[in-house]
Amino acid sequence: MGTFHCSLLDRARLQFQKANYLEAETLYSEFITTACQNKPNNCVPHRDLAVAYNDRGQIKYLRVDFYEAVDDYTLAINIQPDFEVPYYNRGVVWYRLGFFDKAIEDFQRVLELCADFEEAKISLKQSILDKEEKLRRDSQRLLLD
């Protein structure tokens with residue numbers, strides 16, 4: 001990977017770790033734009049580009065821009081389909097939005113890729129329970145109507 005790309009991604013990660021999210025998002029976006037512009041001669045590893053999208057998605061998630069976060073997680077997944085973290089992160093967003101089937105699907109994919117991902121195991125169980133509870137409440141409402 002080129003020195004410019006490496007230092008840009010490292011700077012973005014550092015700002016993210018420092019919770020300087022606005023600066024980190026700017027740097028991740030610059031890294032992504034630069035990497036995508038140089039696509040024919042792209043020397044940026046797919047994993048780095050996927051990490052940049054995932055981490056930028058995390059910033060959007062923290063800002064409660066859930067659908068934008070999902071877009072970035074999905075881009076990360078499209079670039080690196082065997083990268084379990086964006087599946088987990090996207091599953092968390094789907095869960096928070098109440099899309100339990102989508103959350104369950106993402107958490108299951110995480111566990112296919114990384115069977116020891118404890119947070120995904122817990123999140124999958126909780127998504128299933130909450131889906132069942134929602135179905136139970138919905139059926140009770142129908143009976144009362």
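Our subject is the structure that appears above.
What counts, and where the lines are drawn
- Residues numbered from 1 in each chain as written.
- Predicted model: local features only at pLDDT ≥ 70, side-chain atom pairs only at ≥ 80, totals over all residues.
- Heavy atoms only, no water.
- Helix = DSSP H or I, 4+ residues; strand = E, 2+ residues; numbered from the N terminus.
- Phe/Tyr/Trp six-rings, centres within 6.5 Å; stacked < 30°, edge-to-face > 60°.
- Buried < 20%, exposed > 50% of the residue type's maximum accessible area, 1.4 Å probe, protein only.
- Lys NZ or Arg CZ within 6 Å of the ring centre and 35° of its normal.
- Salt bridge = Lys/Arg side-chain N within 4 Å of Asp/Glu carboxyl O.

Glancing now at unusual backbone geometry. With a phi close to 65 degrees, A19 is a non-glycine residue in the positive phi region. Within the secondary structure layout, A19 lies in the loop between α1 (3–17) and α2 (21–37). You will see that V64, though not glycine, has its phi angle at about 65 degrees, which is positive. You can see V64 is positioned in the loop between α3 (46–62) and α4 (66–79).

Ring pairs (aromatic) are described by centroid distance and by the angle formed between their planes. In the structure shown here, the tally under the stated rule is seven aromatic pairs. Note on W94 and F99: the rings are 5.6 Å apart at their centroids and 85 degrees apart in plane angle, and the pair reads as edge-to-face. The exposure class of W94 is buried, given its relative accessible area of 11%. Given the relative accessible area of 35%, F99 is considered partly exposed. Grouping aromatic residues by their ring pairs yields a cluster made of F16, Y21 and Y28. The positively charged end of R47 is found above the aromatic ring belonging to F83, 3.9 Å away from the centroid. Between the NZ or CZ atom of K102 and the centre of the ring of F99, over which it lies, the distance is 5.5 Å.

Applying the stated criterion to the full structure yields 15 salt bridges. The salt bridge partner of E25 is R63, with a shortest N-O separation of 2.4 Å. Here R63 lies in the loop between α3 and α4 and E25 lies in helix α2, a separation of 38 residues in the sequence. We classify R63 as partly exposed; its relative accessible area is 38%. For the salt bridge of K121 with E118, the shortest nitrogen-to-oxygen distance reads 3.1 Å. On the criterion of helical spacing, the pair formed by K121 and E118 is a turn pair, its members being three residues apart in helix α7 (residues 118–144). Judged by its relative accessible area of 27%, K121 falls in the partly exposed class. Here the salt bridges do not stand alone but share partners, grouping E25, R63, D65 and E68 into one network.

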